[in-house]
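Chains, contacts and geometry: an overview
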Amino acid sequence: MAASTLVAGDYDAIIGAIKKSWPNCETLAVVCDSNGSKGALAALTGAAGGMKLIVVDVKGPQDMGKAIGTLSSRKPDAVLLLAGDRIAGDGSSAATFLIQRMAAIKVPTAATTEAGVKQGAALGIGPGTGGKLLANAKVSAVAGVTVPAGATAL
């Protein structure tokens, strides 16, 4: 699984972009199968220094409604997709559901892949973007955040 090979450096760019683009972002949420994404969560925790991390554990797509409820009540400042997660990773229908519901309550989503941005994440940079900062202007507008200067709009 790709997520198990990630290191903290793979999340440094997205965490830096989140902090620069959304300076008031102090709480970051992740929805994932926490057992299957242990390596990615450890890498993200190492990179997210100073930010509060909320992990919402899901075991299957049937858990996404409950995850949205948890996030709606906890209202994180942003949500980060874990690219290799088997439930809510980039490209999954669960990630699409998550992105749409979070944008509706003005919580932007970020990703480390181009696929995540094309799917609707407001911001993306990392191993899966070739190091380029990408933005989804339409979703950014819905979520109420600005597209960072220098980002390539998708």
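What comes next is a walk through the structure. Each residue is numbered by its place in its chain's sequence as written, counting from 1. At least 70 in pLDDT is required for a residue's local features to be given in this predicted model, at least 80 for side-chain atom pairs to be given and counted, and no such filter applies to totals for whole chains, interfaces and linings, which use all residues. Hydrogens are left out, water is left out, and the side-chain values use all remaining heavy atoms of the structure.

Before going further, it helps to examine the overall build of the protein chain. Strands here are runs of E lasting at least two residues and helices are runs of H or I lasting at least four, both read from the DSSP assignment and numbered beginning at the N terminus. A count of helical and extended segments in the protein chain gives six helices and seven strands. Going from the N terminus to the C terminus, the protein chain shows its helices and strands as α-β-α-β-α-β-α-β-α-β-β-α-β. Note on method: radius of gyration uses C-alpha positions; expected globular size equals 2.2 Å times residues raised to 0.38. Over its C-alpha trace the protein chain gives a radius of gyration of 13 Å, about what one expects of a compact globule, namely 15 Å for 154 residues. The principal-axis extent of the C-alpha atoms belonging to the protein chain is close to 35 × 30 × 30 Å. Contacts: residue pairs with any heavy atoms within 4.5 Å of one another. Contacts in the protein chain between residues far apart in sequence, at least 24 positions, make up 59% of those at least 6 positions apart. Within the structure as shown, the protein chain displays about 6600 Å² of accessible surface, and the carbon and sulfur contribution to it stands at 54%. Of the charged side chains in the protein chain, 14 are positive and 10 negative, and the gap between their average positions amounts to 6 Å. Residue-level accessible areas treat just the shown protein chains as cover; the underlying method is Shrake-Rupley with a 1.4 Å probe. Counted as positive: Lys and Arg. Counted as negative: Asp and Glu. His and the chain ends are not counted at all. Every charge is mapped to an atom, namely NZ of Lys, CZ of Arg, CG of Asp or CD of Glu.

For the rest of this paragraph, the subject is helix 4 (residues 93-104). One turn of an α-helix holds 3.6 residues; hence residues three or four places apart share an orientation. Multiply 1.5 Å by the residue count of a helix minus one, and that product is the helix's expected span. Helix length check: helix 4 (12 residues) gives 17 Å between terminal C-alpha atoms against 16 Å at 1.5 Å per residue, within 8%. Buried residues of helix 4: Ala94, Ala95, Leu98, Ile99, Met102 and Ala103, and no others. End-on view of helix 4: buried residues confined to an arc of 155°, all on one side of the axis. In helix 4, those exposed residues whose orientation departs by more than 90 degrees from the buried face are Ser93 and Ala104. The buried label applies to any residue whose accessible area, calculated with a 1.4 Å probe on protein chains only, is under 20% of its type's maximum; exposed applies above 50%, and partly exposed to all values in between. Directions are taken from the helix axis to each C-beta atom, and the arc is the one they span.

Bringing helix 3 (residues 64-74) into the picture now. By the burial criterion, the buried members of helix 3 are Met64, Ala67, Ile68 and Leu71. Viewed along the axis of helix 3, the buried residues span an arc of 100°, placing them on a single side of the element. Away from its buried face by more than 90 degrees, helix 3 exposes Lys66 and Ser73. Where the residues of helix 3 are buried, they touch strand 1 (27-32), strand 2 (52-57), strand 3 (78-80) and helix 4. Among the residues trailing helix 3, Lys75 stands out with phi positive, at a value near 45°.

A word on the environment of Lys20. Its place among the elements puts Lys20 in helix 1 (residues 8-21). As for Lys20 and Pro148, which are separated by 128 residues in sequence, their C-alpha atoms are 8.3 Å apart.

Our next topic: the pairing of strand 1. Buried residues dominate strand 1, accounting for six of its six residues. Side-chain alternation along strand 1 places Thr27, Ala29 and Val31 on one buried face and Leu28, Val30 and Cys32 on a second face that is also buried. In short, DSSP must find at least two bridges between two strands for them to pair. Here six bridges tie strand 1 to strand 2, and the two strands are oriented parallel to one another. Residue pairing for strand 2: Val31 is matched across the bridge by Val56. With two bridges joining them, strand 1 and strand 3 adopt parallel strand pairing. Residue Ala29 lies in a different strand from strand 3, and its bridge partner there is Val79.

A general tendency of soluble globular proteins is for nonpolar side chains to be buried together. Residues belong to one nonpolar core when they are buried, are Ala, Val, Leu, Ile, Met, Phe, Trp, Tyr or Cys, and are joined through side-chain atoms within 4.5 Å. Grouped together as the largest cluster of nonpolar side chains are 31 residues, with contacts concentrated most on Tyr11, Ile14, Ile18 and Trp22. Mapped by element, the contributors of at least two residues to this core are helix 1, strand 1, helix 2 (38-47), strand 3, strand 5 (123-128) and helix 6 (137-143). Sequence-distant contacts of Ile18, defined by excluding residues within four places in its chain, comprise Pro23, Cys25, Leu28, Met51, Ala110 and Leu123. Among the nonpolar cores identified, the runner-up in size contains 21 residues, and Leu71, Ala95, Ile99 and Val107 belong to it.

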